[in-house]
Amino acid sequence: MKNNSYAGNKLYSGISALACRGSVPHGILIECENEDEGYEFARFIAGCLLCTGSDKPCGECPACRKFYKNGHPDVIVTDGIRGKSSSFTVDAVREIRSSAFVVPNESDKKIYILKNGGNMNEQAQNAILKILEEPPEYVYFIIITPSKSTVLETVLSRVCVYSLNTESAGVSEKEKEAVKALVMAILSVSELKLLEETAAYQKNSQFAETVLELLSEIFRDALVKKSGYNGNFRFEDEVNAVCSALTSKSIMNCAEVCGELIASIQRKCNNNLLITRMCYEFKRAIGR
Ligand SMILES: [Zn+2]
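Residues numbered from 1 in each chain as written. Predicted model: local features only at pLDDT ≥ 70, side-chain atom pairs only at ≥ 80, totals over all residues. Heavy atoms only, no water.

Participant: Help me understand the coordination of the zinc ion, please; the structure alone is not making it clear to me.
Facilitator: As a benchmark, a tetrahedral metal site with four donors has ideal angles of 109.5 degrees, while an octahedral site with six donors has ideal angles of 90 or 180 degrees. Coordination of the zinc ion by the protein involves C51 (SG), C58 (SG), C61 (SG) and C64 (SG), with metal-donor separations of 2.3 Å. Taken together, the 4 donor atoms coordinating the zinc ion and their angles of 103 to 120 degrees define a geometry best described as tetrahedral. For the zinc ion, the single-chain donor residues occur in sequence as C-x6-C-x2-C-x2-C. Assessed through its relative accessible area of 1%, C64 is described here as buried. (Donors = N, O, S within 2.8 Å, 3.2 Å for Na, K, Ca; no water. Tetrahedral: all angles 85-135°; square planar, octahedral: opposite > 155°, others 65-115°. Buried < 20%, exposed > 50% of the residue type's maximum accessible area, 1.4 Å probe, protein only.)

Participant: Even after reading the chapter, I still don't get the pattern of salt bridges, so can you show me in this structure?
Facilitator: Pairing between side chains of opposite charge can happen when the charged atoms of each approach one another. Evaluation of the coordinates by the stated rule reveals 7 salt bridges. For R94, the salt bridge goes to D91, with nearest N and O atoms at 3.6 Å. With a gap of 3 residues between them, R94 and D91 both fall in helix α4 (residues 90-100), about one helical turn apart. Accessibility expressed as a relative area gives 45% for D91, which makes it partly exposed. (Salt bridge = Lys/Arg side-chain N within 4 Å of Asp/Glu carboxyl O. Helix = DSSP H or I, 4+ residues; strand = E, 2+ residues; numbered from the N terminus.)

Participant: What is the right way to read the nonpolar core from this model?
Facilitator: Core analysis: the largest hydrophobic core is formed by 73 residues, its most contacted members being L215 and F282. Per element, the largest residue contribution to this core is 11 residues, and it comes from helix α9 (residues 205-226). Residues from two domains meet in this core; each of domain 1 (10-163) and domain 2 (173-285) gives at least three. Discounting residues that sit within four places of it in the chain, F282 has contacts with I186, L215, F219, C254, V257, C258 and L261. Residues F88, M120, Y138 and F141 belong to the second largest nonpolar core, which totals 24 residues. (Core = buried A, V, L, I, M, F, W, Y, C linked by side-chain atoms within 4.5 Å. Domains from an automatic or database assignment. Contact = heavy atoms within 4.5 Å.)

Participant: Any chance you could explain the pairing of strand β1 (residues 27-31) here in plain terms?
Facilitator: Counting buried residues in β1 gives 5 out of 5 residues, a clear majority hidden from the surface. Sheet topology note: the β1/strand β4 (residues 139-145) ladder contains 5 bridges and is parallel. In the strand pairing of β4, E31 is matched with T145. Pairing between β1 and strand β5 (residues 160-163): 4 bridges, direction parallel. Across the sheet, L29 pairs through a bridge with V161, a residue of β5. (Pairing = 2+ DSSP bridges.)

Participant: Which parts of the structure should I look at to understand the domain arrangement of the protein chain?
Facilitator: Taken domain by domain, the protein chain consists of domain 1 (10-163) and domain 2 (173-285). Look at where the C-alpha atoms of domain 1 and domain 2 centre, and you get two points 27 Å apart. With 14 residues of domain 1 at the contact, the number on the domain 2 side is 15 residues. Interface area for domain 1 against domain 2, summed over the two sides, is near 1,100 Å², with a carbon-plus-sulfur share of 55%. Linking domain 1 with domain 2 are 1 salt bridge, by the criterion used here. Between E213 and K148 there is a salt bridge, with its nearest N and O atoms 3.0 Å apart. Linking domain 1 with domain 2 are 2 residue pairs in polar contact (both at pLDDT 80 or more), by the criterion used here. If you list the elements that add at least two residues to the side of domain 1 that touches domain 2, you get α1 (10-20), α6 (153-156) and β5. Looking at the side of domain 1 that touches domain 2 residue by residue, the class counts come to 6 nonpolar, 4 polar and 4 charged. (Buried area = accessible area lost by both parts, 1.4 Å probe. Polar contact = N/O pair within 3.5 Å; in protein donor to acceptor, adjacent residues only side chain to side chain. Nonpolar A, V, L, I, M, F, W, Y, C, P; charged D, E, K, R; others polar.)

Participant: Just checking my understanding: could you explain the packing of aromatic side chains for this structure?
Facilitator: The way to describe two aromatic rings as a pair is by their centre distance and the angle between their planes. Applying the stated criterion across every chain, the model contains 5 aromatic pairs. Taken together, a centroid distance of 4.7 Å and an interplanar angle of 70 degrees make the contact between Y12 and F44 edge-to-face. Of this pair, Y12 sits in helix α1 while F44 is found in helix α2 (residues 35-50), placing the two residues 32 residues apart along the sequence. When its relative accessible area of 4% is taken as the criterion, F44 is described as buried. Here the aromatic residues Y12, F41, F44 and Y162 are joined through ring pairs into a cluster of three or more. Taking NZ or CZ as reference, R43 lies 4.6 Å from the ring centre of F67, over its face. Above the plane of the ring of Y39 lies K115, whose end atom (NZ or CZ) is 4.1 Å from the centre. (Phe/Tyr/Trp six-rings, centres within 6.5 Å; stacked < 30°, edge-to-face > 60°. Lys NZ or Arg CZ within 6 Å of the ring centre and 35° of its normal.)

Participant: Help me understand the packing of helix α7 (residues 173-188) against helix α8 (residues 191-198), please; the structure alone is not making it clear to me.
Facilitator: Helix-helix packing is characterised by the crossing angle of the two axes and by the distance between the axes. Remark: α7 packs on α8, axes separated minimally by 8 Å, with the N-to-C direction vectors making an angle of 160 degrees. One way to sum up the angle between α7 and α8 is to call them roughly antiparallel. Classified by chirality, the crossing of α8 by α7 is left-handed. Residue-level inspection shows A181, L182, A185, I186 and S188 of α7 in contact with α8, the latter providing K193, L194, E197 and T198. Looking at side-chain class alone, the contact of α7 with α8 contains 5 nonpolar, 2 polar and 2 charged residues. (Axes fitted to C-alpha atoms, helices over the stretch in contact; angles between N-to-C directions. Parallel < 35°, antiparallel > 145°, perpendicular 65-115°, else oblique. Left-handed = near helix turned anticlockwise from the far one by under 90°.)

Participant: What am I meant to see in the packing of α9 against helix α10 (residues 236-245) here?
Facilitator: Taken N-terminus to C-terminus, the directions of α9 and α10 make an angle of 65 degrees; their axes are 9 Å apart at the nearest point. Crossing angle aside, the handedness with which α9 passes α10 is right-handed. The residues of α10 that touch α9, namely those facing I218, F219, D221, A222, K225 and K226, are E236, E238, V239, N240, V242 and C243. Residue classes in the contact of α9 with α10 are distributed as 6 nonpolar, 1 polar and 5 charged.

Right under this line is the structure:
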């Protein structure tokens with residue numbers, strides 16, 4: 001599958017790199033205004049998860065062939081619509097929950113693609129949350145929504161968000177400069193520098209959240225670059241700096257820390273504690 005239209009798209013390359021390392025997150029939220037594009041990306045992720053070849057998805061192993069030809073019994077696609085309503089019903093979520101505990105048929109993974117995630121009411125989302133909190137080892141959820149603003153914060157804290165909507169929307173120069181400085185502070189492993197850089201975040205959670213989202217984009221791109229992809233990245237210099245300073249394992253740890261921090265901001269945790277924790281976690285993540 002190397003020479004198809006996917007090559008060159010860093011979100012696609014990123015998932016493929018994660019799949020090759022066996023570290024695709026169990027909960028993924030695809031934010032995409034165009035439902036078909038979102039679904040195509042979801043299918044690509046499912047293909048990466050099922051593929052038993054080395055360059056995922058290889059398109060040639062039995063799992064790939066089956067999936068791309070007729071669909072695969074361990075990939076369940078649903079829009080959750082029951083009866084006349086257009087919403088993703090709580091009954092549909094309950095069915096998903098009970099079927100999730102039945103082991104996969106052929107693969108060692110079971111993948112649920114939930115379309116229509118933008119039409120999931122609070123009750124349905126809370127039902128999904130229960131299984132996102134403790135999914136069976138083999139289960140993966142990919143939820144597609146036009147905007148992550150439709151999703152409860154508790155659910156957001158359990159998923160990794162991939163946005164196919166225009167990436168630069170809403171990012172100011174100030175935020176861009178802040179993330180660049182933050183990367184340098186992290187790489188310098190100076191606690192003082194980190195504290196200096198993060199002082200501005202203490203009173204402004206929204207600012208901290210945007211900067212951390214940009215930071216996690218940089219780590220994600222750095223992993224993609226480590227896997228051999230040489231494309232254009234929004235923060236080219238920072239991606240290069242991260243790649244030359246850190247191992248893939250450290251980068252993965254840092255990306256994880258970012259996700260945890262974003263989730264704790266969304267849970268409205270104390271920002272002072274958050275900054276201290278950020279300094280500590282990053283130092284630990286890069287193994288020093
Ligand atoms: Zn394959």
